[in-house]
Number of protein chains: 2
Amino acid sequence: MSGAGAANGLARLSLNQITTRGWSLPEAVRGCVDAGIPAIGLWRDKVAETGLARSAKLCRDAGLAVSSLCRGGFLTADGPERRRAALADNLQAIEEAAELGTDTLVLVVGGLPAGSRDLVGARAAVADLLAELATHAGDFGVRLAIEPLHPMFCADRAVVSTLAQALDLAAPYPARQVGVVVDSYHVWWDPALPEQIARAGREGRIASYQVCDWTLPLPADALLGRGHVGDGHIDFRTLTDLVTAAGYEGWIEVEIFNQEIWDTPGELTLRTLIERHLTHLASP
Amino acid sequence: MSGAGAANGLARLSLNQITTRGWSLPEAVRGCVDAGIPAIGLWRDKVAETGLARSAKLCRDAGLAVSSLCRGGFLTADGPERRRAALADNLQAIEEAAELGTDTLVLVVGGLPAGSRDLVGARAAVADLLAELATHAGDFGVRLAIEPLHPMFCADRAVVSTLAQALDLAAPYPARQVGVVVDSYHVWWDPALPEQIARAGREGRIASYQVCDWTLPLPADALLGRGHVGDGHIDFRTLTDLVTAAGYEGWIEVEIFNQEIWDTPGELTLRTLIERHLTHLASP
């Protein structure tokens, strides 16, 4: 976390590349370097497009840290065949993360299986597959970072809905194998947030701090309602203070799903990112 | 909870009148009687339209129980003037509930004040105003029923987002003054639900059990995404078993916000309600 970013107040800023979705991986790498952003969170589809080895080399040669790989997970599929496929895909994601030089693989655990209402069962399936992945991750120096998603995504994307629940799932494993993501959009509303962030810190499990803002109205596709930090209802100073007080000193990764932002030229998006980081997130 | 409904399997069914939004209060009362539904949850705007005394008499004469009045709350307004107005409105709502013959006033507590990001402050404001309302409610034989709303409504409708939080807010008051609403749509995703429903039961605070289903995709107006019981992702048998095991024997009130259902003739809606109640909710 040294290098380009240190002198310009951006020492902890990372671009999650979904935020500049129109850019290929090489474009995103160049964009970060040009803007003085020292780290990037990669997405597997973008990595696949460019090639794994080439993606790794591009980041390395650019002096860019890889803050995370998005994403493994989708562990709730039912039936032994789908379950085996999910397992294989996650094992591969772990190895990709290692080759890309990041220690953080973000897990979006998946929603209810098609046609199922068995939330308890889906949550149990996540716990089961974690048990099969944790050691493998640790062997590759990669930490599985369980991301609780906002409860409005419980049915279709992630049956892990709170930080407390993510920490309970992580509890059986060493902190270097399984951690959690604190994503502002997903957890800001949680009345138990202060105590659960403190707990995550005590247990050494904060693997990633991702940020974007809660803006209203929700769009037709609720997935795409996230805004730039500062455009919505989240109190980032208070949230960041909690994360900092919990001992987290890692990357602050900006991950925004928003069609309008995706339609904006990447350079402009990075300019906004930087301005908001300095205003709302960087230490004074 | 005796009367018309007992013989037809509908002994605990109540129509929350927002579900048949096109109907006036007299029409909704007649609709319930014709369909054999023994109770109704009233809305203040509909009561005002018909007149308070007349509304009370219509329900009484029809032999219809009033399961709840919706709604008080909106306690997060900032500034002494707005605060006084909120207090006055809630005091009036308490008296209306008493005159209508219901012991349950549902509270939707309100979102962040306009332009504010102070979630902690808004939550504290709710606690403060509850302190000013609880005794008054008790004096009128009315219980304030705090309704946790789904976290996706935290910014704009209700800063009370979980059952645990609602119970914490209720804790300083006798159970006959302050209770909680368990609304399937708002709480189904909560990993802490089994323990919190059990706690609500132990503390004698389940004032209302409201039902509708979580359907996807969310519509443009996220408020209107609720479906008939059985059309979505919620496991009503498991949820109802939890509520029953907690000792709740009261009304099961169907409250649906959904434009398509609102555009359906009320008689048809009630037919669906009844069919779904018998299939998914009534004891076998």
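Residues numbered from 1 in each chain as written. Chains lettered and ligands numbered in written order. Predicted model: local features only at pLDDT ≥ 70, side-chain atom pairs only at ≥ 80, totals over all residues. Heavy atoms only, no water.

If you check an unreviewed UniProt entry, chain A appears there as Sugar phosphate isomerase/epimerase from Kitasatospora xanthocidica.

A.B. asks: Help me get a handle on unusual backbone geometry, residues and values and all.
C.D. replies: Excluding glycine, most residues fall at negative phi; most peptide bonds, likewise, are trans. Cis geometry is found at the peptide bond from A:Cys70 to A:Arg71, where omega equals 0 degrees. Residue B:Leu216 is joined to B:Pro217 through a cis peptide bond whose omega torsion reads 0 degrees. By secondary structure assignment, the location of B:Pro217 is in the loop between β8 (213-214) and β9 (226-227). Non-glycine residue A:Phe74 carries a positive phi angle of around 55 degrees. (Helix = DSSP H or I, 4+ residues; strand = E, 2+ residues; numbered from the N terminus.)

A.B. asks: If you had to explain the interface of chain A and chain B to someone new, which residues and values would you point to?
C.D. replies: Between chain A and chain B, the contact holds 28 residues from the first and 28 residues from the second. Summed over both partners, the interface of chain A with chain B buries about 2300 Å², with 66% contributed by carbon and sulfur atoms. For the interface between chain A and chain B, the tally reads 0 salt bridges. Taken together, chain A and chain B are joined by 6 residue pairs in polar contact (both at pLDDT 80 or more). In terms of residue class, the side of chain A that touches chain B is built from 15 nonpolar, 8 polar and 5 charged. (Contact = heavy atoms within 4.5 Å. Buried area = accessible area lost by both parts, 1.4 Å probe. Salt bridge = Lys/Arg side-chain N within 4 Å of Asp/Glu carboxyl O. Polar contact = N/O pair within 3.5 Å; in protein donor to acceptor, adjacent residues only side chain to side chain. Nonpolar A, V, L, I, M, F, W, Y, C, P; charged D, E, K, R; others polar.)

A.B. asks: If you had to explain the sheet that holds strand β4 (residues 104-108) of chain A to someone new, which residues and values would you point to?
C.D. replies: All names here are of chain A. Around the barrel, 8 strands lie side by side as β1-β2-β3-β4-β5-β6-β7-β10; this closed barrel has parallel pairing. The sheet shows a mean angle of 30 degrees between the axes of neighbouring strands, direction not considered. Taken strand by strand, helix α6 (residues 163-170) contacts β5 (143-146) and β6 (178-183), and its axis lies near 170 degrees from that of β6. (Pairing = 2+ DSSP bridges. Axes fitted to C-alpha atoms, helices over the stretch in contact; angles between N-to-C directions.)

A.B. asks: Quick one: what's the story with the pairing of strand β4 (residues 104-108) of chain B, residue by residue and with numbers?
C.D. replies: Residues and elements named next belong to chain B. Counting buried residues in β4 gives 5 out of 5 residues, a clear majority hidden from the surface. Side chains of β4 alternate between two faces, with Thr104, Val106 and Val108 and Leu105 and Leu107 buried alike. Bridge analysis of strand β3 (residues 65-73) against β4 gives 4 bridges, and the strand direction is parallel. The residue bridging cysteine 70 from the neighbouring strand is valine 106, located in β4. With helix α4 (residues 80-100) bridging β3 and the parallel β4, this β-α-β connection has right-handed handedness. When β4 meets strand β5 (residues 143-146), the two strands line up parallel, connected through 4 bridges. (Buried < 20%, exposed > 50% of the residue type's maximum accessible area, 1.4 Å probe, protein only. Right-handed = clockwise from strand over helix to strand, strands pointing away.)

A.B. asks: Outline the layout of surface pockets, listing residues and values.
C.D. replies: Considered as a void within the structure, the largest pocket measures approximately 820 Å³ in volume. Those elements that provide at least two residues to the lining of the largest pocket are α6, α8 (193-202) and α9 (236-245) of chain A together with α5 (119-139), α6 (163-170) and α8 (193-202) of chain B. Per-class residue counts for the lining of the largest pocket are 17 nonpolar, 8 polar and 10 charged. Each pocket or cavity is described by its volume, and for the second largest pocket that value is around 340 Å³. (1 Å grid on protein atoms, 1.4 Å probe; cavity = no way out; pocket = protein on both sides within 12 Å on 5 of 7 lines; lining within 4 Å. Points joined across faces, edges and corners; volume = space filled by probe spheres on them.)

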